[in-house]
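Read off the chains here:
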Amino acid sequence: MTGIFQKTIKQASQAARLINLDKKLIKRLITPQRVVSKKVIIKLDSGGNKTFSAYRVQFNNARGPYKGGIRFHPQVNLDEIKTLAFLMAIKCAVVGIPMGGAKGGVQLNPKELSFNELERLSRAWVRAFKNYLGPHQDVPAPDVYTNPQIMSWMADEYSRLVGKKTLAAFTGKPLTEGGSEGRELATGQGGIYILNEAVKKLGLKPKGVTMAVQGFGNVGYGLAQLAYQAGYKIIGLSDSQGGIMALNGKNMDPLKVMETKKEHGQIHACYCLGTVCDCVNYKKITNDELLKLKADILVLAALENQITGGNVNQVKAKIILELANGGIDPVVDGILKKRGVLVLPDVLANAGGVTVSYFEWRQNLKNEHWPESAVFAKLKKIMTDSFNEVWQTMEKYQATPRQAALMVGIKRITEAM
Ligand code: NAD
């Protein structure tokens, strides 16, 4: 079976040929500049040692210092890290921020480590990769199962190693440690800016347009709340345990669903406002059912590979907002286009996160702290301009939105190269 990296660069190479890119340049574009694999050893609370496989792939820095998250996950492997590093380079270029693409990871189940062991692992990762890091070289951020606390340990370890406080070496830090206002909501907020533009292009208004959201974590919950406030009608929500759908034209306030989830430990089958629950107009559904709901918009905010050859023909949404990296298997993009489904691809739709990370880096370098209103005003302009650029490219080349986003990103990177 073809690996995800091969699939991704095949798709990128096709987009590069559409803009008549020279073969040699394509080869350089799809080749990572540096791939580092290390063994990281930490002391366990029990007294023994444990060794982990750790990676950092620096794909391309033609447009600025490498930028990209660090993932702690049992399935971390080099093929995945290379793919994500490449997509980070594309994403930064699509939204025009002066950073390159990288990604890192450690293969482990972080839930099996204690708080202190996680701290030792985070600091050991920095010691292992120190020579490749730095505010003007490579600036990591959180990703799956890494968070502001981990970034805070990492920035502290880096500062200790270089002998001076270097906040700009990592982003996604807590607000008290040089983090940016708005970072937590940035990906959802960026997604809403993109969605609003797309809805406008289709001649619609958010009010009453129906939406189903897969994934109820940082990104999915944030997006759902913002969408609800903007007037979209939320008719389906789900997390890893399953979901809830509204019947009979009902709407759902994600805040209320979250409150009920906290109380019951999972998204509840009934829709509750305080202690009053409606179990007639709402029902429990599986994740599979959520993907096939009759909603105008489907938001993917959970895992990769959710829309595949196996279910693409049952998707009823007219717009898919792909906030999860790789939420759609690239091979079904063509089918979705033929069926008239507008895909807002990950490299555009979820770029709000890295954009605010870039704002954090800039604030740290200049020793500034911007208010949330300034962060979101700058984010809105970047996301809206990027959407329009991708849209124009899509129309010019009769391409899919993903091909168009790849063309915009690839053109910018190769010009810089
Ligand atoms: P998270 O861990 O906070 O939330 C993930 C959510 O997905 C959880 O609610 C979980 O229950 C749910 N989930 C897991 N498996 C599921 C399944 N099979 N079906 C339905 N739901 C399932 O993660 P997050 O930060 O919200 O990230 C979500 C996605 O967005 C990831 O693909 C991530 O790579 C991508 N992303 C995140 C950011 C960011 O800023 N956090 C930026 C860019 C891309």
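For the structure itself, consult the block above.
Draft legend 1. The arrangement of the site of the ligand in detail. The ligand sits among 18 residues. The nearest are Thr187, Phe216, Asn218, Val219 and Asn287. Here an oxygen atom of the ligand sits 3.0 Å away from a polar atom, N or O, in the main chain of Ser240. Ala302 places a polar main-chain atom, nitrogen or oxygen, 3.0 Å from an oxygen atom of the ligand. Coverage of the ligand by the protein amounts to 73% of the 830 Å² it exposes when considered alone. Considering only residue class, the shell around the ligand consists of seven nonpolar, nine polar and two charged.

Draft legend 2. Just the nonpolar core, in detail. By size, the foremost hydrophobic cluster in this structure holds 111 residues, and its most contacted members are Met211, Leu298 and Ile410. Of all hydrophobic cores here, the second largest spans 27 residues; its members include Ile42, Ala54, Ile70 and Phe72.

Draft legend 3. Representation of a positive patch on the surface in the model. A cluster of like positive charges, contributed by Lys294, Lys316, Lys318 and Arg339, occupies part of the molecular surface. Mapping Lys318 onto the fold places it in the loop between strand E12 (297–300) and strand E13 (319–322). Taking relative accessible area as the criterion, Lys318 reaches 47% and is therefore assigned partly exposed.

Draft legend 4. How the structure looks around unusual backbone geometry. Despite not being glycine, Asn20 shows a phi value in the positive range, around 55°. Note that Asn20 resides in the loop between helix H1 (4–18) and helix H2 (23–29). Overall, Asn20 belongs to the exposed group, its relative accessible area being 69%. For Asn367, which is not glycine, the phi torsion reads 55° and is therefore positive. Assignment of secondary structure puts Asn367 in the loop between helix H12 (352–366) and helix H13 (372–397).

Conventions we followed
- Residues numbered from 1 in each chain as written.
- Predicted model: local features only at pLDDT ≥ 70, side-chain atom pairs only at ≥ 80, totals over all residues.
- Heavy atoms only, no water.
- Near = heavy atom within 4 Å.
- Polar contact = N/O pair within 3.5 Å; in protein donor to acceptor, adjacent residues only side chain to side chain.
- Areas by Shrake-Rupley, 256 points an atom, 1.4 Å probe, with all protein chains shown as cover.
- Nonpolar A, V, L, I, M, F, W, Y, C, P; charged D, E, K, R; others polar.
- Core = buried A, V, L, I, M, F, W, Y, C linked by side-chain atoms within 4.5 Å.
- Buried < 20%, exposed > 50% of the residue type's maximum accessible area, 1.4 Å probe, protein only.
- Patch = residues over 30% accessible without salt bridge, like charges linked within 9 Å, V, L, I, M, F, W, Y side chains within 5 Å.
- Salt bridge = Lys/Arg side-chain N within 4 Å of Asp/Glu carboxyl O.
- Lys, Arg positive; Asp, Glu negative; His and termini not counted.
- Charge placed at Lys NZ, Arg CZ, Asp CG, Glu CD.
- Helix = DSSP H or I, 4+ residues; strand = E, 2+ residues; numbered from the N terminus.

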